[in-house]
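Listed below, chain by chain, are the residues.
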Amino acid sequence: MTKPLDVDRKMPIVKKAVSNPYPLKESAIVKWSLITISLLYISLFLILPLISIFVTALEKGWETYVASIVHPDALAAIKLTITVALIVVPLNAVFGIAAAWLITKFTFRGKNLLVTLIDLPFAVSPVIAGLIFILLFGAQGLFGDWLFEHDIKIVFALPGIILATLFVTFPFVARELIPLMQTQGITEEEASISLGASGWKTFFYVTLPNIKWGLLYGLILCNARAIGEFGAVSVVSGHIRGETNTMPLHIEILYNEYQFTAAFAVASIMSILAILTIIIKHIASWKAKEF
Amino acid sequence: MLYLSFIVILPLSMIVVNTLSMSWGEFFETITHPRAVASYKLSFGSALAAGLINVIFGTIIAWVLIRYDFPGKKIIDGLVDLPFALPTAVAGIALTTLYAPSGWIGKFFDFKISYTPLGIVIALTFIGLPFVVRTVQPVLQNLGREVEEASASLGANRFQTFVKVILPELYPAMITGFSLAFSRSLGEYGSVVFIAGNMPMKTEITPLIIMTKLEQYDYVGATAIAVVMLVGSFIILLFINLIQWRMNRKFNY
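Residues take numbers from 1 onward in each chain, read along the sequence in its written order. Numbering of ligands from 1 and lettering of chains from A proceed in the order in which they are written. At least 70 in pLDDT is required for a residue's local features to be given in this predicted model, at least 80 for side-chain atom pairs to be given and counted, and no such filter applies to totals for whole chains, interfaces and linings, which use all residues. Hydrogens and waters are ignored; side-chain quantities use all the structure's heavy atoms.

Chemist: What should I look at first to understand helix H9 (residues 158-187) of chain B in this one?
Modeler: Side chains that are three or four residues apart share a direction in an α-helix, a result of its 3.6 residues per turn. Two axes enter the definition of the bend at a residue: one is fitted to the seven residues ending there, the other to the seven starting there, and the bend is the angle between them. For helices the rule is a DSSP run of H or I covering at least 4 residues; for strands it is a run of E covering at least 2, with both sets numbered from the N terminus onward. Of all the bends found along H9 of chain B, the most pronounced is centred on leucine 167 of chain B and spans about 50 degrees, while proline 168 of chain B, a proline, follows it within four residues. As used in this structure description, the phrase polar contact means that two N or O atoms lie within 3.5 Å; if the pair is within protein, one of them must be able to donate a hydrogen and the other to accept it, and residues adjacent in sequence are counted only when both atoms belong to side chains. With a side-chain oxygen positioned 3.1 Å from the backbone nitrogen of phenylalanine 159 of chain B, the residue opening H9 of chain B is asparagine 157 of chain B.

Chemist: For this particular structure, what's the right way to read the UniProt feature "domain: ABC transmembrane type-1" (unreviewed entry) in chain A?
Modeler: UniProt positions are given in the numbering used here, feature names are shortened, and annotations may be inferred rather than shown by experiment. Within the UniProt annotation, "domain: ABC transmembrane type-1" (unreviewed entry) is assigned to residues 78-281 of chain A. For residues 78-281 of chain A, the end-to-end C-alpha separation is 23 Å, with 79% helix and 0% strand making up the annotated structure.

Chemist: What exactly am I supposed to notice about the interface of chain B and chain A here?
Modeler: Interfaces are frequently sized by the accessible area removed from exposure as the parts join. Every contact between the two is made by 79 residues of chain B and, on the other side, 74 residues of chain A. Once two parts are put together, the accessible area they lose, assessed with a 1.4 Å probe and summed over both, is termed the buried area. Summed over both sides, the interface between chain B and chain A buries roughly 6,900 Å², with carbon and sulfur atoms accounting for 81% of that surface. Looking at the side of chain B facing chain A, the largest losses of area belong to Tyr3, Tyr68 and Tyr219 of chain B, adding up to 9% of the total buried there. Take a side-chain nitrogen of Lys or Arg and a carboxyl oxygen of Asp or Glu: if they are within 4 Å of each other, that pair is a salt bridge. Where chain B touches chain A, the interface holds one salt bridge. The contact definition used throughout considers only heavy atoms, calling two residues in contact when any of these lie within 4.5 Å.

Chemist: In this structure, what is going on with unusual backbone geometry? I would like to understand it.
Modeler: Excluding glycine, most residues fall at negative phi; most peptide bonds, likewise, are trans. Residue and element names in this part refer to chain B. We note that methionine 201 has phi near 75 degrees; this positive angle belongs to a residue other than glycine. Structurally, the position occupied by methionine 201 is in the loop between helix H10 (190-196) and helix H11 (206-215). The class for methionine 201 is partly exposed, based on a relative accessible area of 49%. Accessibility here uses a 1.4 Å probe with only protein chains present; expressed as a share of the type maximum, an area under 20% marks a residue as buried, one over 50% as exposed, and anything in between as partly exposed.

Chemist: Which parts of the structure should I look at to understand a nonpolar patch on the surface?
Modeler: Residue and element names in this part refer to chain A. Exposure above 30% relative accessible area and no salt bridge define the residues that can form patches, which grow by joining like charges within 9 Å and nonpolar side chains of Val, Leu, Ile, Met, Phe, Trp and Tyr within 5 Å. All accessibility values rest on the Shrake-Rupley procedure with a 1.4 Å probe; residue burial counts only the protein chains present in the view. A contiguous nonpolar surface patch, about 690 Å² in accessible area, is contributed by Ile272, Leu273, Ile275, Leu276, Ile279, Ile280, Ile283 and Trp286. By secondary structure assignment, the location of isoleucine 275 is in helix H14 (residues 260-290). Judged by its relative accessible area of 31%, isoleucine 275 is partly exposed.

Chemist: Looking at this model, I keep getting lost on the domain arrangement of chain A. Mind explaining?
Modeler: All names here are of chain A. As used throughout, domain bounds are those supplied by an automatic or database domain assignment. Under the domain assignment, chain A is made up of domain 1 (23-57) and domain 2 (61-290). Distance from the C-alpha centre of domain 1 to the C-alpha centre of domain 2: 31 Å. Counting residues at the interface gives five residues for domain 1 and nine residues for domain 2. Summing both sides of the interface, domain 1 and domain 2 together bury roughly 600 Å²; the carbon and sulfur share of this comes to 81%. If you sort the residues of domain 1 by the area they bury against domain 2, Ile53, Phe54 and Ala57 come out on top, with a joint share of 72%.

Here it is, written out as structure tokens:
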């Protein structure tokens, strides 16, 4: 190797390279078998379950399908789920923006700790998330006696469901925004402030337009999780029919009572929402890339 | 900050407070109960298995989505996100029905899939797939073709290039994807309860034990098991981070 290559030794290599191009691509067999494996895997685990939801839901005809959805308990569950999402998503959006703003535009002590704490709910089992709110607000909990005296119900009622959902969906918006705002830096904000704009004005006219697609992306994931959360909500809801049953819990009850068609009918509505979520998510990430 | 402490820190600290109210003997007895021990093995084992399956197939899917063109690619790419968007309970009942002995897929197998540990692994595989694909995909996208060209021009065949040049670049992302999928699978409840069958000692996962204890108003017992889960997953994540840190040092990033 130390000897410099002379022309005679170099020639055959070049010739070989021309007749047999550098293997930069896999052979067609490898390529198509990899594609087949991927498609098969995705069909077995993702596509077939999705199709089966709709097929089972419509197995007994449209009338049964509609009847399962307009059933008072189902309607109550849909209403509760919408209420929870309407409260949880805006709250976590405001917090997510505030946290991302704080973390990316300022330097302060304990910043890394804050980032870790924001991610914490992802590492905790949903069941444990529900458990901690029982420990706080349940009858034997830390605030149990005080709440009982003042006749405030948190656990096994709407506030408990909202708190548990808040905990579980806490990181979504902040996590989406932090990397985005980090790459954008603070130069635009500095320019705005130096031109005399107030802090709020800077936020609404400079920061917010820059992050809107990332924000939408975070919101849509947060919303999907908020309406679909099962474990945490199941612990704190108390399963009172027509009162504290969210859509996923309603599906569980129907399923356990062997009302499969009804269970899958409600599930099909949630699947449609999931598909819409994916579509909006992809539009958002596509738009975000244009910036 | 106040919001964070109210929603996250205060509730989580309750776990510590409640555990401290137990005596050591009590705590030890609760967490070493045979049913609990069986559930740890099942939960950690099936999360590990599902994580490994996803690392292999998730990387293949990411590769196919980045490097190849085929009809329907955009739809497949979108579908990978389905487990993020679909409520776990919905996924749970759909997979159970599909893999049950009379289901569309289950009927092709002589052995039971739903209501066995295998069913649990399938549910966890479903949940974890997007984590691996979505962490490997951007790395693969940004990987320069130059290194592959260099490798090929030095005489490596395609397989050698893949194993010795491309794969090492992907390891960190694969490990991150694995640890995300793993920690999500470990605590997963919604999709597993339906397919597991929930037989004590056999197909009872740890989150379900916590749930059962809660239903019996055994809050202290539930907390003790929760501590084991939290500590266990913390140790494993620490271990994974350690491997990653060592690998990063080895490859001199």
